[in-house]
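Notes for the structure review
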Amino acid sequence: MFTLSRKFISMTNPTYSYRNVSSKVFIFQNQFDGFPKETDVKLVKEDLPALKDGEFLTEAVYLSVDPYMRAYAPRVKTGKTFMGSQVAKIIESKNSKFPEGKHVVGEFGWRTHTISTGKQLPNGFPGAWLIPDIGKLPLSLALGVLGMPGNTAYFGFTELCQPKPDETVIVTGAAGAVGSLVGQIAKIKGCKVIGVAGSEEKGKWLVDELGFDSFINYKTDNIRKKIRECAPNGIDCYFDNVGGEISSTIMLYMNTFGRIAVCGAISGYNDKQPPKATIVQYPMTFNQLRMEGFIVHRWIDRWFEGIDQNRKWIDEGKLKYRETVTEGFENMFHAFTDMLRGGNVGKA
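Description of the structure in this document.

Scoring rules and cut-offs
- Residues numbered from 1 in each chain as written.
- Predicted model: local features only at pLDDT ≥ 70, side-chain atom pairs only at ≥ 80, totals over all residues.
- Heavy atoms only, no water.
- Helix = DSSP H or I, 4+ residues; strand = E, 2+ residues; numbered from the N terminus.
- Rg over C-alpha atoms; globule rule 2.2 N^0.38 Å.
- Buried < 20%, exposed > 50% of the residue type's maximum accessible area, 1.4 Å probe, protein only.
- Contact = heavy atoms within 4.5 Å.
- Lys, Arg positive; Asp, Glu negative; His and termini not counted.
- Charge placed at Lys NZ, Arg CZ, Asp CG, Glu CD.
- Salt bridge = Lys/Arg side-chain N within 4 Å of Asp/Glu carboxyl O.
- Axes fitted to C-alpha atoms, helices over the stretch in contact; angles between N-to-C directions.
- Parallel < 35°, antiparallel > 145°, perpendicular 65-115°, else oblique.
- Left-handed = near helix turned anticlockwise from the far one by under 90°.
- Pairing = 2+ DSSP bridges.
- Right-handed = clockwise from strand over helix to strand, strands pointing away.

1. Things to note about the overall build of the protein
Each helix and strand in the protein was counted, giving nine helices and 13 strands. Whereas a compact globule of 348 residues would reach a radius of gyration of roughly 20 Å, the protein reaches 21 Å, a difference of no more than 12%. Expressed as lengths along the three principal axes of its C-alpha atoms, the size of the protein is roughly 65 × 45 × 35 Å. Counting all 348 residues of the protein, 52% fall into the buried class. For the protein, long-range pairs separated by at least 24 residues make up 71% of all intrachain contacts whose partners lie at least 6 apart in sequence. Here the protein carries 43 positive and 37 negative side-chain charges, and the mean point of each set is 2 Å from the other.

2. Things to note about the pattern of salt bridges
By the definition in use, this model includes 12 salt bridges. The residue Lys 347 makes a salt bridge to Asp 66 at a minimum N-O spacing of 3.2 Å. A residue pair is termed long-range when its members are at least 10 positions apart, and Lys 347 in the segment after helix 9 (332-340) and Asp 66 in the loop between strand 3 (56-63) and helix 1 (68-72) qualify at 281 residues. Accessibility assignment for this pair places Lys 347 and Asp 66 in one class, buried. Taking the shortest distance from any N to any O, the salt bridge between Asp 213 and Lys 187 comes out at 2.9 Å. Here Lys 187 lies in helix 3 (residues 179-188) and Asp 213 lies in the loop between helix 4 (200-209) and strand 10 (214-217), a separation of 26 residues in the sequence. Asp 213 sits in the partly exposed class, given a relative accessible area of 38%. A single network of salt bridges, built from pairs that share partners, joins Glu 159, Arg 302 and Glu 305.

3. Considering the packing of helix 5 (residues 223-230) against helix 6 (residues 244-251)
The N-to-C vectors of helix 5 and helix 6 enclose an angle of 40 degrees; their axes lie 10 Å apart at closest approach. As summarised for this structure, helix 5 and helix 6 are arranged oblique, according to the angle between their axes. Between helix 5 and helix 6 lies a crossing of right-handed hand. Judged by residue contacts, Ile 223, Arg 224 and Ile 227 of helix 5 engage Ile 246, Thr 249 and Ile 250 from helix 6.

4. A word on the pairing of strand 10
Burial of the side chains of strand 10 extends over both faces: Ser 214 and Ile 216 are buried on one face and Phe 215 and Asn 217 on the other. Note that strand 9 (residues 192-197) and strand 10 share four bridges and pair parallel. Note that in strand 10 the partner of Ile 194 across the bridge is Ser 214. Crossover strand 9 to strand 10 through helix 4 is right-handed.

5. Some points on the side chain of Ser 214
When you line up the elements, Ser 214 lands in strand 10. Other than its neighbours up to four places away in sequence, Ser 214 contacts Val 193, Ile 194, Gly 195, Val 207 and Cys 230.

6. Describing the pairing of strand 9
Regular strands place their side chains on alternate faces of the sheet. Taken across its six residues, strand 9 has five buried, putting it largely inside the fold. Where strand 8 (residues 168-172) and strand 9 come together, five bridges link them in parallel fashion. Residue Thr 168 lies in a different strand from strand 9, and its bridge partner there is Lys 192. Crossover connection from strand 8 via helix 3 to parallel strand 9: handedness right-handed.

7. A short note on the sheet that holds strand 10
Strand pairing in a sheet relies on backbone hydrogen bonds, with the paired strands running either antiparallel or parallel. Read across the sheet, six strands follow the order 10-9-8-11-12-13 without closing on themselves; strand pairing throughout is parallel. Edge strands, defined here as strands with exactly one partner in the open sheet, are strand 10 and strand 13 (290-293). Between one strand axis and the next, the sheet turns by 15 degrees as a mean value, whatever way the strands run. Here strand 12 (residues 254-262) runs beside strand 13; their pairing, made up of four bridges, is parallel. Bridge assignment links Ile 260 to a residue of strand 13, and that residue is Met 291. Packing of helix 2 (residues 148-161) onto the sheet brings it into contact with strand 8, strand 11 (235-240), strand 12 and strand 13, and relative to strand 11 it is tilted by some 145 degrees. Along the sheet face, helix 6 touches strand 8, strand 9, strand 11, strand 12 and strand 13 and points at about 165 degrees away from the line of strand 11.

Without other data, these values stay purely geometric and don't point to any function.
See the structure below:
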């Protein structure tokens, strides 16, 4: 039922004393200039103080790498822990809401051990939330299909694209953590689905295992020709993960009153100069398209609705997942840059 590749960033054989705990931490040394360089981060050791009332101590189990980290990097102050979420185990607690032995998803950044209160962050998102019972499913899914990427796909696609049966949907970044789920949800909703990705291996996975109707290789295919072949009656919904020229091209083939959900712009994250693309006002106007960007925290008050629905679809065999995982905390930066190069299939 599941397609799962497991290599993993895992913390095995932990060595710590509750009285004297140290954390390995990646510090953001330099703002990225183009593609991230290894010298832009520095791995250091940090001694942690004893817990105060209301605090709890966690040890990282799985850490997430996501495209948004590159987009949001300019907002991270140098000299601070680099951003990111993780699944972590509570190993000591003075907070009754976060008991020892439980696992949380925490916005703790690239660090092995963290002291937290779980309080709400400035963006309104909780600093940590307890992972609900997910049965025999891997805890790592709380960073993927049963976490932020899963909710991004669920809410972003269903709320903004509002798909209808027999409509044609196209997804860029289709083999990634979000895109692969969007395409499957579109199939659940009775749509025809076209996935855009960067290798034949990824395309085979999308079509043969996830049930996409067709695949476009943006690196080798004639995009306009392939869109005409795959969508002879036009495109009704577009879930955009990449931006750039390919997005401008896709919009030319959208039907009247088509809907576009803009999740990201991966194609331009590492550009030193603002990228140029064909203007989109012509198709937007003539085809009367609706285009809306979003951040998944918009649906924070419905967070577990998305998790519960995706879990149900997994149990029913309607939603499959895949993970590409790098072993060892010291390899965080390499996992991050590999993801930015498109080296992952599914969630990284």
